[in-house]
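# A closer look at the structure
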Amino acid sequence: MSPQSSPEPLPYRITLFYGPEPVEAQSTRLACVFNVKKRSWKGGVQVAVELDEAQAARARQALDFEPWLRKALAPIAAEERPACESRARDLLIQGLCSLKLDLAIEAGIPQENGRVAADAFADALLRAVAQQAERLKTQILAELDLASSAE
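The notes below deal with the structure included here. (Residues numbered from 1 in each chain as written. Predicted model: local features only at pLDDT ≥ 70, side-chain atom pairs only at ≥ 80, totals over all residues. Heavy atoms only, no water.)

### A word on the overall build of the protein
- Counting its secondary structure elements, the protein contains five helices and four strands.
- The secondary structure elements of the protein, listed N-terminal to C-terminal, are β-β-β-α-α-α-β-α-α.
- Considering only C-alpha atoms, the protein reaches an extent of 60 × 50 × 25 Å along its principal axes.
- Taking all 151 residues of the protein together, 37% fall into the buried category.
- Put simply, 60% of the contacts in the protein that link residues at least 6 apart link residues at least 24 apart.
- Carbon and sulfur atoms make up 49% of the accessible area of the protein, which amounts to about 9,300 Å² in all.
- Looking at charge distribution, the protein has the averaged site of its 18 positive side-chain charges lying 5 Å from that of its 21 negative ones. (Helix = DSSP H or I, 4+ residues; strand = E, 2+ residues; numbered from the N terminus. Buried < 20%, exposed > 50% of the residue type's maximum accessible area, 1.4 Å probe, protein only. Contact = heavy atoms within 4.5 Å. Areas by Shrake-Rupley, 256 points an atom, 1.4 Å probe, with all protein chains shown as cover. Lys, Arg positive; Asp, Glu negative; His and termini not counted. Charge placed at Lys NZ, Arg CZ, Asp CG, Glu CD.)

### Here's the deal with the layout of surface pockets
- What the largest pocket holds in volume is close to 300 Å³.
- As for the largest pocket, its lining consists of 16 residues, and the residues nearest its centre are Phe-34, Gln-94, Gly-95, Ser-98 and Gln-139.
- Among the elements of the structure, β1 (12–23), α3 (81–107) and α5 (133–143) are those that each provide at least two residues to the lining of the largest pocket.
- The biggest single contributor to the lining of the largest pocket is α3, with seven residues.
- Grouping the constituent residues of the lining of the largest pocket by class yields eight nonpolar, five polar and three charged. (1 Å grid on protein atoms, 1.4 Å probe; cavity = no way out; pocket = protein on both sides within 12 Å on 5 of 7 lines; lining within 4 Å. Points joined across faces, edges and corners; volume = space filled by probe spheres on them. Nonpolar A, V, L, I, M, F, W, Y, C, P; charged D, E, K, R; others polar.)

### Some thoughts on the pairing of β1
- Summarising the sheet, β1 and strand β2 (residues 26–38) pair through nine bridges and their orientation is antiparallel. Considered in β2, the bridge of Ile-14 is made with Val-36.
- Once β1 ends, the chain turns through two residues before running back antiparallel as β2, passing Ala-25 with a positive phi of about 65°. (Pairing = 2+ DSSP bridges.)

### Regarding empty space enclosed by the protein
- Under the definition given, this model contains one cavity of 30 Å³ or more.
- Ranked by residue count, the leading element in the lining of the largest cavity is helix α4 (residues 122–131), at four residues.
- Within the lining of the largest cavity, the residues separate by chemical class into five nonpolar, one polar and one charged.

Given below as structure tokens:
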């Protein structure tokens, strides 16, 4: 038998720190903060990723999110649905911010605390949403413990 090579480790370790939270003085923006650690860095940094409500709305439309969510939550008891809907919307924002962070990392991210502005990568984010639609939905279902309720 030939020895299998182990998969190459990911260059970054990314962890959601918190969010989504409203951005101060920007009522139409939300942000998620991630801890980002590159293997070659001595320490990690915190990156706030902002998302404008218009970007979130375009992403929800591209994902056909509201009808999909209603269908996914249909088996849930009516009294539990509002909490699940709220959590699913937060998970979507987290997923969108994560996609935007991936775009920022691809563009090159410095080893310093920072932020990805709401208007950064807007068009690229919409393309990434279209490409990652099933993964986003699968992650939301998994977090809600509804993985078997997939479309």
